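Understanding the architecture of this molecule
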Amino acid sequence: MSASSIAWTRRRVALGAAWKLFIANRSGLIGLIVLGVVLVLALLAPLLVDDSQLSVTKATGGVLDPPDGEYWLGTEENGRSVLILTWYGAQVSLLVGISAALLSVGIGTIVGMLAAHFRGWPSALLLRVTDFFLVLPSLVLAIVLSTVLARGLPTIILAIGVTSWSSTARLVRAQTLTVEARPFIERAQVLGGGHAHILVRHVLPAVFPLVLANTTLTVGSAIISESTLAFLGLGAPGTVSWGGMLKSALDTGAVTAGAWWYLLPPGIAIVIVVLGFTLAGRALETVLNPNLRGRR
Amino acid sequence: MVDVLTTTESATDLVGGRFGRGGSTLRFVAAKIGGGLVSLVMVVVLGFFLFRAMPGNPVRTLIRDRPGDLEQVERLRREWSLDKSLFGQFVDYIVDLAHGDLGTSFKYRQPVTDLLWDRVGATVLLTGTALVLSVALGLWLGTRAAWRHGSRFDQLSTATALVLWSVPTFWLGLIVLIVFAVGLDLFPTAGMVSPGGVDGFFPSILDTGHHLVLPALTMVAVVYAQYLMVMRSSLLEEMNADYLTTARAKGLRDDDVRSKHAVPNALLPTVTIIFLHVGFLISGAVTVEKVFSWPGLGLLTYEAIQVPDYPLLQGSLIVLAGAVIVMNVLADIVYRLIDPRVRTS
Amino acid sequence: MRFSKLTRGLGVCVATAALVAGPGLLPVTTGAAAYAQSDVTMRVSHTQEIDTLNPFTAVFLVSTQLGRLMYEFLTVNSAESSSPEPGIAESWEPSADNLTWTFKIREAKWSDGEPITAKDAAFTYNLIMTNEDAAAANGVAVANYESVTATDDRTLVIKTKTPQASMLSSEVPIVPEHVWSKVTDIKSFTNSETFPVVGSGPFVLTGYDEGASSTLKANDNFWRGRPKVDTLQFVKYENSDAAVQGLRKGDVDIVSGLTPAQYDALASDGNITRNDGRNRRFTEITMNPSNPKADGTAFGNGNPVLKDVAVRQALNYAVDVPTLVDRVKQGHSEPATQLIPPVYSDWTYKPPSDKLRTYDAAKANQLLDEAGYAKGGDGIRVDKQGKPINLRLLIASDNTQNQQTSEYIKEWFEAIGIGLTPEIKSSNQSNDDQNAGNFDLAFTGWSVGPDPDSMLAQQTCKVVGTELSDSNFCNAEYDRLYAQQLAELDRPARQEIVQKMQELLYDNVSAIILTYDKALEAYRSDRFTGFQTQPADGGVITGQNGYWGYYGARPVGAEEATDEAASDNNTPLVVGGVVSGIALLALVVWGVSRRRRVGADERE
């Protein structure tokens, strides 16, 4: 057997063991199931929801009507069904959440690895920048970015991704330091491995499990950020999102009119999805970090 | 908007590299202050260029309801030096900043410093109260949950914390507002004082307190979870340490072991986390202030975005970021001074 | 140790319970205090800021409203129809060549007892004409003035450079010379530091809490007679939802700027009377005609298809305004056709039925087909160069109704084969783009003053490419008519010219004028009545070109009001007591059960 196939067999066995551990963790399992359901619903939305149900000119319901037999969650200010819109809105939230989290974790991982790997002033500079972003009120910065750039989904993803990478960077830096202290890294260096080689082929696989867990948790906070930005009026025009629905509810006087059917579903949806990612992420951490097992 | 619910094994990992063990305290303090100053400079420069990239001529909005003539428009442009080059404006900005002049707000047409000064008290009151309450609540619950690890209490508090952490701050604020202020009519729906003011010193304090309850409650509910989880995981890590087994073997009661040994040691990195997350608290203040119409810096910032009133936004960012940076420098210094592990090395 | 922890926990619980329930147990002091006094106080809410209370520099709507209450003008706009009637000036006479106006100043006093004379008026006008800072707010009104002199205490003579038809609609607050001659720096003078502020309007400013409230007291020396309301207070709310809650609770008596949903939600409240007044504002979608500036330079990147009047007509036919009125404005609006709203019955324009453009998608399609814009494979038409037509629509981020409307517009335009891309930007960014011509379509709207001149000026070629232009419209014939109406002092003749101008605008489809939104207001009719609307028939109470709304108000029996305020206090008391009781009970239960559990652990 070749070296790489041995490595892959080892990984497969480890994966199987990890999966068994993960299943055993009840809350993690619940989180995963919830996410699975939401993902399926989100993917089915464009197929099952008819265009006419999203159209304002073809809307047939009354304005801000309470739930009844036809509209299970009542109607919003244009007469469309709140249930349909909440279902459809899952797409934007998941898309933005996952993309922003990937961007954030991507930046954080690169910065963290570089900061730990190199010594001297590049490391100090990266550390200072990381510190800077860590303490800055990130929402304020994201708001400013969203205002400078044109409104749209790419802007929101960029704004969230660029302002929330620092805790990942810290984490990856700490982990990289630990990994690089191990003897096999030194051996690789002696054998002539350059920076890129060590980082990509040795450090990255070692930090990867942690990064994965971190990503799952980051998606949760990215979804909250996206809904907050949409609520503050910085959302993408023409898209249906949970934060945007809550903003419209507030603007059209749902609070004064007591339209609870409009104000509850989008918020509850956010809580469920974020909770799902958080539970799954924490379970993943427990699985990958044996030290945490007794403590969760 | 933050940072993930702490994924590190313990808080010490997160703060690990910040404190050089050994080296004189003086050099450490000097390095920290120097670092803080660099950060402040970065904020100032960032503030200027970020907002100058924001287009927005306020003149037309102002005259919309009362159409003026071309000379009037020119005069207003000169007033805000919109006719100078970008570099010229930057130089003016730095010079003014040295004099403590943050410019004049487009929207309110008053000095930015005055506006910020008027509103900072309200934000400090809100975030300060929320910080104290959520730290107290988070630490207390976190300690108890860790000590009763695996019990019903532990499971319940962890579950509640996770759920509340998953709730968007603004939505929780909206629900709280509707249930307690609009529905039950127990609390006011907006502002910091009753409209028209309240006579008398003591009644006005109570009036402000009455208005403070809901916004503070909302912030605490979302933020305390972070402190709870950090304290809990730090304490759990401590509890497995050898010296505690020794203490118990010596015959010390559980409570004493906890409060005299484990908790203080677990507290140290937790405190640093608390300071690190002040930035998050301020971000939360923006949404809470909007929902409850609390007249603080957060609401001012939000309204300034709509214009965009960039002198005001610059000033706001500098003040908020500056405050957070200063607090962190102080926290680092204090931590270094009180951490027994560092002193002895 | 155990006890201290228990007491600590107890302490926290008690403190929390007290914090939650305690304030609710206090009597609501505001309501009680207001009615304990013998004078009648009326509270008005506002959400826009006050920039300053200096009448020479204030431009925000709320500030100018306060200015109208504090200072009388030479002539005011009548309540019935917003036409000029005497104010400080009792009567007036233009000379034969219409270049000299002689005003007779009435005998009246300032609020401090000093007599109001022509010298005060001359001082005010000359200050605006000579001091650049003082011209900030009202410089436009005196732009055409050559000289203003007070020949004696009762006579004011104004000479204009050219005949000015809008002479009697200049809304310049006249200030007392004996107070203002001492002001050295007009620009930084706030006019809200020493009280009471001397004025000649129906109310006197006696207090100003910046960002919170402004307090005015009735002026005993007001020449029309003292108002019936003793104290008038303007209270700042951050948003209209909070103001509506305040109205329900009784914290405030008049609320304006309601959204349709809020307005409808107040229908069931017996103590509240609502008013949907005809407003002097219109909303429109401007279409960039890509006209060059006055000096001939081209600017902007507007889509050239909009130069074709057939395209503009088609877009107008594609908009179903009655649906917008019904869905977006909940019926609280009227479909509009031109710039001057119907509240100004003397000037408004109604297109004849054979010219009127209403929703007709078929006609829109027909016009576009005939003009040579064929539909492509995806249903979107292509222009003469073969490029699919996709228009950008600018929307200000703080206007949620326009955002809602844009969703309808997008679907209607797509139905006739025109693609639409909404761009949401802050209002200043939106203005920037419009000034620079970097837009295709844009939502906008204007408040029109009682004299149509200023609104009409915004459609002239001279202002294209500046902040003043409404839609960068430019037409030589229009400019000619504009100059004519400005010099025409015969009112009926002038009205005819203004009608022709609006007809020209309508035929050229200068913009898609959408609606005249009603101003939605509500007030506590159990406390106040007698609000005089402007215009008298179906007008507004707040935001008038005058002070009639506040001036005419009178209280409805103060005794009933006190009883109501008292009864409101019971609810918080009851609820507070119940909550405290439950908290204490829970505390006891928890304390008892906890001790037992601790004991069990110990025994292990």
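Residues numbered from 1 in each chain as written. Chains lettered and ligands numbered in written order. Predicted model: local features only at pLDDT ≥ 70, side-chain atom pairs only at ≥ 80, totals over all residues.

1. Quick word on the overall build of chain A
If you tally the helices and strands in chain A, you get 13 helices and zero strands. Reading chain A from its N end, one meets helices and strands in the order α-α-α-α-α-α-α-α-α-α-α-α-α. The C-alpha extent of chain A, read off along each of the three principal axes, is 75 × 45 × 35 Å. Evaluated residue by residue, chain A yields a buried proportion of 52% over its 296 residues. Look at the contacts in chain A between residues 6 or more apart in sequence, and 70% of them connect residues 24 or more apart. (Helix = DSSP H or I, 4+ residues; strand = E, 2+ residues; numbered from the N terminus. Buried ≥ 20, exposed ≤ 12 C-beta atoms within 10 Å, placed from the backbone. Contact = placed C-beta atoms within 7 Å.)

2. Describing the overall build of chain C
Secondary structure summary: chain C contains 19 helices and 21 strands in total. Residue pairs in contact within chain C that sit at least 24 positions apart in sequence constitute 68% of those at least 6 positions apart.

3. Digging into helix H3 (residues 61-70) of chain C
Residue and element names in this part refer to chain C. Judged by how many residues are buried, H3 sits mostly within the fold: nine of ten residues are covered. Of all the positions in H3, only Val62, Ser63, Thr64, Gln65, Leu66, Gly67, Arg68, Leu69 and Met70 are classed as buried. Elements that come into contact with the buried residues of H3 comprise strand S1 (41-46), strand S8 (203-209), strand S9 (213-218), strand S10 (231-236) and helix H17 (548-551).

4. Some words on the nonpolar core
Ranked by internal contacts, the top residues of the largest apolar core, which has 253 residues, are B:Ala130, B:Ala216, B:Val220 and C:Ala121. Considering every element that reaches this core, the biggest residue donor is helix H9 (residues 201-239) of chain B, with 19 residues. The residues touching B:Val220, leaving out its near neighbours within four places in the chain, are B:Ala130, B:Leu133, B:Ser134 and B:Leu137. In this structure, C:Val321, C:Leu324, C:Ala442 and C:Phe443 belong to the second largest nonpolar core, which totals 59 residues. (Core = buried A, V, L, I, M, F, W, Y, C linked by C-beta atoms within 7 Å.)

5. Re the sheet that holds strand S17 (residues 441-447) of chain C
Residues and elements named next belong to chain C. Reading across the sheet, the six strands line up as S14-S18-S13-S17-S15-S16 and stay open at both edges, with mixed pairing between neighbours. In this open sheet, the two edge strands, each paired with only one partner strand, are strand S14 (333-335) and strand S16 (419-425). Put simply, the sheet's adjacent strands are angled 30° from each other on average, direction ignored. Against the sheet, helix H12 (residues 400-415) engages strand S15 (390-396), S16 and S17, with an angle of about 165° to S16. (Pairing = 2+ DSSP bridges. Axes fitted to C-alpha atoms, helices over the stretch in contact; angles between N-to-C directions.)

6. Here we look at the confidence of the model for chain C
Detailed reading of the predicted coordinates is not advisable wherever pLDDT is low. Residues and elements named next belong to chain C. In the predicted model, chain C carries a mean pLDDT of 83, and the fraction of residues at 70 or more is 86%. Taken element by element, chain C is modelled with least confidence in helix H2 (residues 29-36), mean pLDDT 37, and with most confidence in strand S11 (residues 254-255), mean pLDDT 94. Across residues 558-577 the pLDDT falls below 50, and counting only partners more than four positions away or on other chains, this stretch makes 26 contacts in the model. Per the prediction output, this complex has pTM 0.79; the corresponding ipTM is 0.86. (pLDDT = per-residue confidence, 0-100.)

7. As for the interface of chain A and chain B
Counting from both sides, the interface comprises 44 residues of chain A and, opposite them, 47 residues of chain B. In terms of residue count, helix H10 (residues 195-234) of chain A provides more of the side of chain A that touches chain B than any other element does, twelve residues in total. Each residue belonging to the side of chain A that touches chain B can be placed in one class, and the counts come to 26 nonpolar, 14 polar and four charged. (Nonpolar A, V, L, I, M, F, W, Y, C, P; charged D, E, K, R; others polar.)

8. Side note on the environment of B:Gly138
Residues and elements named next belong to chain B. As for its placement among the helices and strands, Gly138 is situated in helix H6 (residues 112-147). Looking at Gly138, the number of C-beta atoms within 10 Å reads 25, which means it is buried. Separated by 85 residues in sequence, Gly138 and Val223 have C-alpha atoms that sit 8.6 Å apart. The contacts of Gly138, once residues within four sequence positions are left out, are Tyr224, Tyr227, Leu228 and Met231.

9. Points about helix H4 (residues 118-130) of chain C
Since one α-helical turn is 3.6 residues long, residues separated by three or four positions face the same way. Residue and element names in this part refer to chain C. Counted at 1.5 Å a residue, the expected span for H4 with its 13 residues is 18 Å, and the 18 Å between its end C-alpha atoms agrees. For H4, the set of buried residues is Ala118, Asp120, Ala121, Ala122, Thr124, Tyr125, Leu127 and Ile128. Of the surrounding secondary structure, the elements contacted by the buried residues of H4 are strand S5 (100-105), helix H5 (135-138), strand S6 (145-152), strand S7 (155-160) and helix H6 (177-180). (Expected span 1.5 Å × (residues − 1).)

10. Examining the sheet that holds S7(C)
All names here are of chain C. The strand order S4-S5-S7-S6 describes an open sheet built from four strands, whose pairing is antiparallel. Strands at the two margins of the open sheet, each flanked by one partner only, are strand S4 (89-94) and S6. Each strand axis lies, on average, 20° off the axis of its neighbour in the sheet, ignoring direction. Relative to S7, S6 runs antiparallel, the two sharing six bridges. Paired with Asp152 across the strands is Thr155, a residue of S7. Running at roughly 160° to S6, H4 makes contact with S5, S6 and S7 of the sheet.

11. Describing the environment of B:Val278
Residues and elements named next belong to chain B. Relative to the elements of secondary structure, Val278 occurs in helix H12 (residues 278-292). Among the residues examined, Val278 registers 19 C-beta atoms within 10 Å and is labelled partly exposed. With 46 residues separating them in the primary sequence, Val278 and Val324 have C-alpha atoms 6.6 Å apart. Residues contacting Val278, with those up to four places away along its chain left out, are Val324 and Met327.

12. So, the pairing of strand S13 (residues 281-287) of chain C
Looking along a regular strand, one sees side chains alternate from face to face of the sheet. Residue and element names in this part refer to chain C. Counting buried residues in S13 gives six out of seven residues, a clear majority hidden from the surface. Looking at chain direction, S13 and S17 are connected through seven bridges and run antiparallel. Bridge pairing links Thr283 to Gly445 in S17.

13. As for unusual backbone geometry
Residues and elements named next belong to chain C. The residue after Phe195, namely Pro196, is reached through a cis peptide bond having omega -10°. Between Gln534 and Pro535 the backbone carries a cis peptide bond, its omega angle lying at -5°. Here Pro535 lies in the loop between strand S20 (528-529) and H17. Positive phi, close to 55°, is recorded for Ser290, a residue that is not glycine. In this fold, Ser290 is placed in the loop between S13 and helix H9 (309-317). A residue is classified by how many C-beta atoms lie within 10 Å of it, and Ser290, with 17 of them, is partly exposed.

14. Overview of the pairing of S7(C)
Residue and element names in this part refer to chain C. As paired elements, S5 and S7 share five bridges and run antiparallel to each other. Bridging from a neighbouring strand, Lys104 pairs with Thr155 of S7. Taking the residues that link successive antiparallel strands as the turn, the S6-S7 hairpin has two residues.

15. Description of the packing of H6(B) against helix H7 (residues 152-165) of chain B
The angle between the axes and the distance between the axes are what describe a pair of packed helices. All names here are of chain B. With their axes 8 Å apart at the nearest point, H6 and H7 run at an angle of 140° to one another. Between H6 and H7, the angle is such that the two are oblique. H6 and H7 meet at a crossing whose hand is left-handed. Judged by residue contacts, Leu141, Arg144 and Ala145 of H6 engage Phe153, Asp154, Ser157 and Thr158 from H7. (Parallel < 35°, antiparallel > 145°, perpendicular 65-115°, else oblique. Left-handed = near helix turned anticlockwise from the far one by under 90°.)

16. Observations regarding the environment of C:Gly67
Residue and element names in this part refer to chain C. For Gly67, the location among the structural elements is in helix H3. Residue classification places Gly67 among the buried positions, given that 24 C-beta atoms sit within 10 Å. The spatial distance from the C-alpha of Gly67 to the C-alpha of Asp433 is 33 Å, given a sequence separation of 366 residues. With residues near it in sequence (within four places) discarded, Gly67 still touches Pro55, Ala58 and Pro173.

17. Looking at the packing of helix H4 (residues 82-117) of chain A against helix H7 (residues 153-163) of chain A
All names here are of chain A. Close contact between H4 and H7 brings their axes to 8 Å; oriented N to C, the two are set at 40°. Here H4 is positioned oblique relative to H7, judged by the angle of their axes. Two packed elements cross with a definite hand, and for H4 against H7 that hand is right-handed. On the side of H4, the interface is formed by Val96, Ser99, Ala100, Leu103, Ser104 and Ile107, while H7 contributes Leu153, Ile156, Ile157, Ile160 and Gly161.

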